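Structure assessment
Given next are the chains, with one letter for each unit.
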2 protein chains.
Amino acid sequence: MSGMSYRHPERDQIRVDGVLSALGNPLRLSVVRLLDGGGDHNCTSVLNTLGVTAKSTMTHHWRVLRESGVIRQRPSGRENLLTLRREDLDARYPGLLDAILAGARADES
Amino acid sequence: MSGMSYRHPERDQIRVDGVLSALGNPLRLSVVRLLDGGGDHNCTSVLNTLGVTAKSTMTHHWRVLRESGVIRQRPSGRENLLTLRREDLDARYPGLLDAILAGARADES
DNA sequence: ACCTCCGTACGTAGACATTCGAACTATCGC
DNA sequence: GCGATAGTTCGAATGTCTACGTACGGAGGT
């Protein structure tokens, strides 16, 4: 049997204050920027890329991102694949994600 | 002499994670929606409109909103006038504020 | 001067966030 | 089965956020 799946909010259950609160954390914003860059990501690869030490720390952040509707977490084998819920976010809050990601890039300059 | 002024970040000192974190709080998001509606606002009028009990609670939120660059606080007589820094936010993060405000309205439906 | 109104500063209390280590479950390969 | 890998769960420590009451200071009106 494949692993258990997590509870995700439906598209119409997403709330903007939850999304903003989730993305107001620098580490979680970095995660979203990384996922937006495309490619396959599991928890460990993100953890290594961002230089986080403890896996259990990220487990906390996965839950915040998942329960706010920002990412989707899909178990596959012994990995946990992570994807940005771009279609849902774009449908519900047009332009929000792009504005945030552009803003994050602007802050780096 | 008029009252002391507060420290506000310059436009280019604003950071998107600070803005998101500030607006991730439902009460502060309501404040921004109210200020965006136009009209003159001082601290007490916002407090009364939103049904907040303690002034000192709002003083905390004014600081968060001010230091993240979302609002400007300008003492005038014995009042403290509040304005949304729309021009600065629009210049630095095009579309962000509109997307957030539209999202907040969408969540109400 | 006096009183009143507007808002801040301070201390405090409880709730929540963030991070970590250690123990645990499940999966894959041998 | 055995060992290694991928993540989670749990508990604890630390820090931050939110809200409140009280006290304070500045500005206006009388």
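So, how was this worked out
- Residue numbers run consecutively from 1 along every chain, following the written order of its sequence.
- Chains carry letters from A onward and ligands carry numbers from 1 onward, assigned in written order.
- With the structure being a predicted model, the display of local features is reserved for residues of pLDDT at least 70 and the display and counting of side-chain atom pairs for 80 or more, all residues being used for whole-chain, interface and lining totals.
- No hydrogens and no water enter the side-chain calculation; it runs on all heavy atoms of the structure.
- Here a helix means four or more residues in a row that DSSP labels H or I, a strand means two or more in a row labelled E, and each is numbered from the N terminus.
- It is over C-alpha atoms that the radius of gyration is taken, and the globule rule equals 2.2 Å times the number of residues to the power 0.38.
- For each residue, the accessible area found with a 1.4 Å probe, counting protein chains only, is set against the maximum for its type, and the residue is called buried under 20%, exposed over 50%, and partly exposed in between.
- UniProt positions are given in the numbering used here, feature names are shortened, and annotations may be inferred rather than shown by experiment.
- To obtain an axis, a line is fitted to C-alpha atoms, over the contacting stretch when the element is a helix, and the angle between two such axes runs from 0 to 180 degrees between their N-to-C directions.
- In what follows, roughly perpendicular refers to angles from 65 to 115 degrees, roughly parallel to angles under 35, roughly antiparallel to angles over 145, and oblique to any angle outside these ranges.
- The contact criterion used throughout is that any non-hydrogen atoms of two residues lie within 4.5 Å.
- Following the grouping adopted for this structure description, the nonpolar residues are Ala, Val, Leu, Ile, Met, Phe, Trp, Tyr, Cys and Pro, the charged ones are Asp, Glu, Lys and Arg, and the polar ones are all others, Gly among them.

Turning our attention to the overall build of chain A. On a plain count of helices and strands, chain A comes out with six helices and two strands. Mapped in sequence order, the helices and strands of chain A form the string α-α-α-α-β-β-α-α. Here the C-alpha radius of gyration of chain A, 14 Å, is about what a compact globule of 109 residues would show, namely 13 Å. Over its C-alpha atoms, taken along the principal directions, chain A stretches across nearly 40 × 35 × 20 Å. When each of the 109 residues of chain A is scored for burial, the buried share is 43%.

Of all the residues in helix 2 (residues 26-36) of chain B, the buried ones are B:Arg28, B:Leu29, B:Val31, B:Val32, B:Leu34 and B:Leu35. Where helix 2 of chain B ends, the next residue or the one after it, B:Gly38, has phi of about 90°, a positive value.

We now examine the UniProt feature "domain: HTH arsR-type" (unreviewed entry) in chain A. In the numbering used here, UniProt assigns the feature "domain: HTH arsR-type" (unreviewed entry) to residues 8-104 of chain A. As annotated, residues 8-104 of chain A has a helix share of 58% and a strand share of 12%, and its two end C-alpha atoms lie 25 Å apart.

All names here are of chain A. Running from amino to carboxyl end, helix 2 (residues 26-36) crosses helix 4 (residues 55-67) at an angle of 70°, the nearest separation of the two axes being 11 Å. Of the possible angle classes, the one that applies to helix 2 and helix 4 is roughly perpendicular. In this structure, helix 2 uses Leu27, Arg28, Val31 and Val32 to contact helix 4, whose residues at the interface are Met58, His60, His61, Trp62, Val64 and Leu65. A class-by-class count of the residues in the contact of helix 2 with helix 4 yields seven nonpolar, two polar and one charged.

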